Amino acid sequence: MNIYFECNMGAAGDMVSSALVDLFDDRAAIVAKLNSLSLPHTKIKYGTKKQCGIDGTHLEIIIGGEVETHETHHHHHHAHRNLAVVLEIVDALTVSEKVKNDIKNIYTIVAEAESKAHGKAVSEVHFHELGMLDAIADITITAFLLDELGADKVYCSPINVGGGTVECAHGVLSVPAPATANILTGVPYYKSEIKIELCTPTGAAIMKYYTDEFTDAPRFDAVQKIGIGTGTKELENANIIRAFLFEGESVDELSCNVDDMSGEDIAFAAERILDSGALDCFITPIMMKKGRPAYMLTVLCNHSDTDKFVRLIFKHTTTIGIRKYTPSRYTLDRTLTDCGGVQIKRSEGFGEIKQKPEFDNVKKIAIEKDISIFEARKELRIES
């Protein structure tokens, strides 16, 4: 299962976390879980909000009885804390070590961006206390929910950062503010006619950390749910982030014909391509013009890896042209389990269950016992 974030109205931590909560059927239960994560002085309240007539989820982050908003980050004057304190808070959270590491890595991205913007060492960067706790809450919620959803890959659209200026503790700055711009280095973003800051440092860091591929829109094999997170500002455009939960990654089929390679050479090419992570690679004997015997090399790969395999095909074959198709496909859910030292492949879906032992394990038993493959399979009592 994969997630695609549509950031046409920017990326703010509260909107991202709200969109993820909206993907769950039992939102009350998931918010109860969020309130049990030991976030200091923090209460998370589920709510809904309309934006241009569209219903979406809006989480309120209440810190010490005060509802934290993006505006208060820039204007209130509370105690300040450094990154070391942030990391101590994260260590005390009741979440998995993986989630803790994700939170620390995201907050470190923010600290390093602030460090670069202000010309200070990371250890000297300070965050005001309420804003720090609010950002920790947004990042923790996002990290926890992405872990709960078990997303295989995260995709994100180019990010709308807004336009105009933003008032910060250090004065009035152009959008994107320096720290946000530092985080967005290498990330596709664009300014717009909306004269406010749409992308916050927290939102930018979350997207940069988790996104496997920035794209206008991935190919959706099957969209399961759409989560909508709403912002607090009422704008002419619907101030929302949408999170699409969708099945599988689209695949591309690459193929080429070659009539000037030996069987050994093209077999080597196929072997290198498979070793590089292709979903499949096979060779088909064909007849080309003037009756010349030839081979067609076909490679199946994830859409995000297409450029990589195009380069490999050109590298390892004599072809001067590659065809690309984007087929639809149906797959069964696959798992690999251990049964008494034998790896069992189980495939399930569409009302069918198929399972068989890993062939290398069957082969090993046949050799060790000097029996046939058929007898080895019978010993395992698994239908092939």
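First, a word on scope: everything that follows refers to the structure included in this document.

The rules behind the values
Residues numbered from 1 in each chain as written. Predicted model: local features only at pLDDT ≥ 70, side-chain atom pairs only at ≥ 80, totals over all residues. Heavy atoms only, no water. Helix = DSSP H or I, 4+ residues; strand = E, 2+ residues; numbered from the N terminus. Polar contact = N/O pair within 3.5 Å; in protein donor to acceptor, adjacent residues only side chain to side chain. Contact = heavy atoms within 4.5 Å. Buried < 20%, exposed > 50% of the residue type's maximum accessible area, 1.4 Å probe, protein only. Arc of directions from axis to C-beta. Core = buried A, V, L, I, M, F, W, Y, C linked by side-chain atoms within 4.5 Å. Axes fitted to C-alpha atoms, helices over the stretch in contact; angles between N-to-C directions. Parallel < 35°, antiparallel > 145°, perpendicular 65-115°, else oblique. Left-handed = near helix turned anticlockwise from the far one by under 90°. Nonpolar A, V, L, I, M, F, W, Y, C, P; charged D, E, K, R; others polar. Pairing = 2+ DSSP bridges. Salt bridge = Lys/Arg side-chain N within 4 Å of Asp/Glu carboxyl O. Phe/Tyr/Trp six-rings, centres within 6.5 Å; stacked < 30°, edge-to-face > 60°.

1. A short note on the side chain of Thr57
Here is step 1 of the chain: Examined against the element boundaries, Thr57 turns out to sit in strand 4 (residues 54–57).
Here is step 2 of the chain: At 2.7 Å, the side chain of Thr57 forms a polar contact with the side chain of Asp22.
Here is step 3 of the chain: If we ignore the near neighbours within four places in the chain, the residues touching Thr57 are Ser18, Val21, Asp22, Tyr46, Gly47, Thr48, Ile228, Gly229 and Thr230.

2. Here we look at helix 2 (residues 27–34)
Here is step 1 of the chain: Listed as buried for helix 2 are Ile30, Val31 and Leu34. Down the axis of helix 2, the buried set is contained in an arc of 100°. They therefore lie on one face.

3. Regarding the environment of Ile63
Here is step 1 of the chain: Secondary-structure assignment places Ile63 in strand 5 (residues 60–63).
Here is step 2 of the chain: Under the relative-accessibility criterion, Ile63 is labelled buried at 2%.
Here is step 3 of the chain: With 244 residues separating them in the primary sequence, Ile63 and Asp307 have C-alpha atoms 47 Å apart.

4. Regarding the nonpolar core
Here is step 1 of the chain: Within the largest apolar cluster, 68 residues are counted, with the highest numbers of intra-cluster contacts made by Phe5, Tyr107, Leu145 and Ile159.
Here is step 2 of the chain: Here the element with the most residues in this core is helix 6 (residues 129–149); it accounts for 11 residues.
Here is step 3 of the chain: Ignoring sequence-local partners within four residues, the contact set of Phe5 consists of Val16, Leu20, Val154, Tyr155, Cys156, Ser157, Met207, Ile241, Arg242 and Ala243.
Here is step 4 of the chain: Of all hydrophobic cores here, the second largest spans 15 residues; its members include Ile266, Ile273, Cys301 and Leu312.

5. A short note on the environment of Ala111
Here is step 1 of the chain: Looking at where Ala111 falls in the secondary structure, it is placed in helix 5 (residues 97–118).
Here is step 2 of the chain: Under the relative-accessibility criterion, Ala111 is labelled buried at 0%.
Here is step 3 of the chain: In the structure, Ala111 is positioned 28 residues away from Leu83 in sequence and 7.0 Å away in space, judged by C-alpha atoms.
Here is step 4 of the chain: Once you skip the residues sitting within four places of it in the chain, Ala111 turns out to touch Leu83, Val122, Val125 and Phe127.

6. Concerning the packing of helix 4 (residues 83–91) against helix 5
Here is step 1 of the chain: Running from N to C, helix 4 and helix 5 cross one another at 165°; their axes reach a closest spacing of 10 Å. If you check the angle between helix 4 and helix 5, you find them roughly antiparallel. The hand of the helix 4/helix 5 crossing is right-handed. Packed against helix 4, whose contacting residues are Leu83, Val86, Leu87, Val90 and Asp91, the element helix 5 presents Lys100, Ile103, Lys104, Tyr107, Thr108 and Ala111 at the interface.
Here is step 2 of the chain: For the contact of helix 4 with helix 5, the residue count by class is 7 nonpolar, 1 polar and 3 charged.

7. Things to note about the sheet that holds strand 2 (residues 42–45)
Here is step 1 of the chain: Taken together, 3 strands build an open sheet; the order of strands is 2-5-6 and the sheet is antiparallel. Looking at the sheet topology across the chains shown, the edges are occupied by strand 2 and strand 6 (66–67).
Here is step 2 of the chain: With 4 bridges connecting them, strand 2 and strand 5 associate as antiparallel partners. Across the sheet, residue Lys45 finds its bridge partner in strand 5, namely Glu60.

8. A closer look at the environment of Thr142
Here is step 1 of the chain: Turning to its location among the elements, Thr142 is positioned in helix 6.
Here is step 2 of the chain: Note: C-alpha distance between Thr142 and Asn8 (134 residues apart in sequence) is 19 Å.
Here is step 3 of the chain: Once residues within four sequence positions are removed from consideration, Thr142 is found in contact with Gly13, Val16, Ser17, Leu20, Ile206 and Tyr210.

9. A closer look at the pattern of salt bridges
Here is step 1 of the chain: Going through the model one piece at a time under the given rule, you end up with 15 salt bridges.
Here is step 2 of the chain: Here Lys225 ties to Asp25 by a salt bridge, and the two come within 3.1 Å at their closest N and O atoms. With Lys225 in strand 15 (residues 222–230) and Asp25 in the loop between helix 1 (13–21) and helix 2, the pair connects residues that are 200 residues apart, well separated along the chain.
Here is step 3 of the chain: Given the relative accessible area of 69%, Asp25 is considered exposed.

10. Some thoughts on the side chain of Thr319
Here is step 1 of the chain: Relative to the helices and strands, Thr319 resides in the loop between helix 10 (306–316) and strand 20 (323–325).
Here is step 2 of the chain: One polar contact links the side chain of Thr319 to the main-chain carbonyl oxygen of Gly321, over a distance of 2.8 Å.
Here is step 3 of the chain: When near neighbours in sequence (up to four residues on either side) are disregarded, Thr319 contacts Cys256, Asn257, Val258, Ile313 and Phe314.

11. Section: the packing of aromatic side chains
Any pair of aromatic rings gets described here by the distance separating the centres and the angle formed by the planes.
Here is step 1 of the chain: Summed over all chains, the structure comprises 3 aromatic pairs.
Here is step 2 of the chain: Relative to Phe246, the ring of Tyr155 has its centre 5.9 Å away and its plane inclined at 45°; by these criteria the two rings are tilted. With a gap of 91 residues between them, Tyr155 in strand 9 (residues 153–156) and Phe246 in strand 16 (residues 240–247) connect regions that are remote in the sequence.
Here is step 3 of the chain: Here Phe246 falls in the buried class, since its relative accessible area comes to 1%.
Here is step 4 of the chain: Measuring from centroid to centroid gives 5.0 Å for Tyr209 and Tyr210, while their planes differ by 80°, and the two rings are edge-to-face.
Here is step 5 of the chain: Under the relative-accessibility criterion, Tyr210 is labelled buried at 13%.

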